[in-house]
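Listed below, chain by chain, are the residues.
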Amino acid sequence: MPKRILRGVVVSDKSDKTITVLVSRKVMHPVYKKYIKRSKKYSAHDESNKFKVGESVTIQENKPISRTKKWIVVN
């Protein structure tokens, strides 16, 4: 089974070797049939601490690294 890949924006880089990525998606409302913006934050592993707040990154699903980190930065 292929690993999931998501694109998002870095919203926090305060932790060591960890960044927080905000991933947004559009979902159709079941009753009103309008598109609604939904977003979720993911903690991703950044080994070299090179990504800063505001940058666009791609993250990939991975085996659990810690309690909250299950994603790694691809690019």
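Positions within a chain are numbered from 1, following the residues in the order the chain's sequence is written. Per-residue local features of the predicted model are confined to residues with pLDDT of at least 70, and side-chain atom pairs are confined, for both listing and counting, to 80 or more; whole-chain, interface and lining totals are unaffected and use all residues. The basis for every side-chain value is the complete set of heavy atoms in the structure, and neither hydrogens nor water enter the calculation.

Participant: Quick one: what's the story with the side chain of Asp46, residue by residue and with numbers?
Facilitator: To qualify as a helix, a DSSP run of H or I must reach at least 4 residues; to qualify as a strand, a run of E must reach at least 2; elements of each kind are numbered from the N terminus. Tracing the chain through its elements places Asp46 in the loop between β3 (35-45) and β4 (56-61). Under the scheme applied here, a residue whose accessible area is under 20% of the maximum for its type counts as buried, over 50% as exposed, and between as partly exposed, the area being computed with a 1.4 Å probe on protein chains only. The charged-residue count follows a simple rule in which Lys and Arg add positive charge and Asp and Glu add negative charge, with His and chain termini not counted at all. Definition used for salt bridges: Asp or Glu carboxyl oxygen within 4 Å of a side-chain nitrogen of Lys or Arg. Within the buried set, Asp46 has no salt-bridge partner at all; the shortest N-O distance to an opposite charge, 6.8 Å, is to Lys50. Polar contact is the term for a pair of N or O atoms within 3.5 Å; when the atoms are in protein, one must be able to donate a hydrogen and the other to accept it, and sequence-neighboring residues count only if both atoms are side-chain atoms. At 3.2 Å, the side chain of Asp46 forms a polar contact with the backbone nitrogen of Lys50. With near-sequence residues (within four places) excluded, Asp46 lies in contact with Lys17, Thr18, Ile19, Phe51 and Val73. We call two residues in contact when some of their heavy atoms are within 4.5 Å.

Participant: So what about the pairing of β4? Which residues, and what values?
Facilitator: Two faces belong to every sheet, and in a regular strand the side chains alternate between them. By definition, two strands form a pair when at least two bridges between them are found by DSSP. Bridge count between strand β1 (residues 5-12) and β4: five bridges; the pairing is antiparallel. Counted as the bridge partner of Gly8 is Val57 from β4. In terms of strand pairing, β4 meets strand β5 (residues 71-73) through three bridges, oriented antiparallel. Directly across from Gln60, in β5, lies its bridge partner Ile72.

Participant: Lay out the pattern of salt bridges in plain terms, naming residues and giving numbers.
Facilitator: A side chain with one charge may pair with a side chain of the opposite charge, provided their charged atoms come close. Summed over the entire model, instances satisfying the criterion amount to two salt bridges. A salt bridge links Glu61 to Arg4; the nearest nitrogen and oxygen atoms lie 3.1 Å apart. Here Glu61, found in strand β4, pairs with Arg4, found in the segment before β1; they are 57 residues apart in sequence, far enough to count as distant.

Participant: Talk me through the sheet that holds β4; I want residue IDs and the actual numbers.
Facilitator: Taking strand neighbours around the barrel as the criterion, the five strands line up as β1-β2-β3-β5-β4 in a closed arrangement whose pairing is mixed. With direction set aside, neighbouring strand axes in the sheet form an average angle of 50°. Across two bridges, β3 lies against β5 in parallel orientation. Across the sheet, residue His45 finds its bridge partner in β5, namely Ile72. Fitted lines through C-alpha atoms give the axes, limited to the stretch in contact for helices. The angle between two N-to-C directions lies from 0 to 180 degrees.

In short, geometric facts, not functional conclusions.
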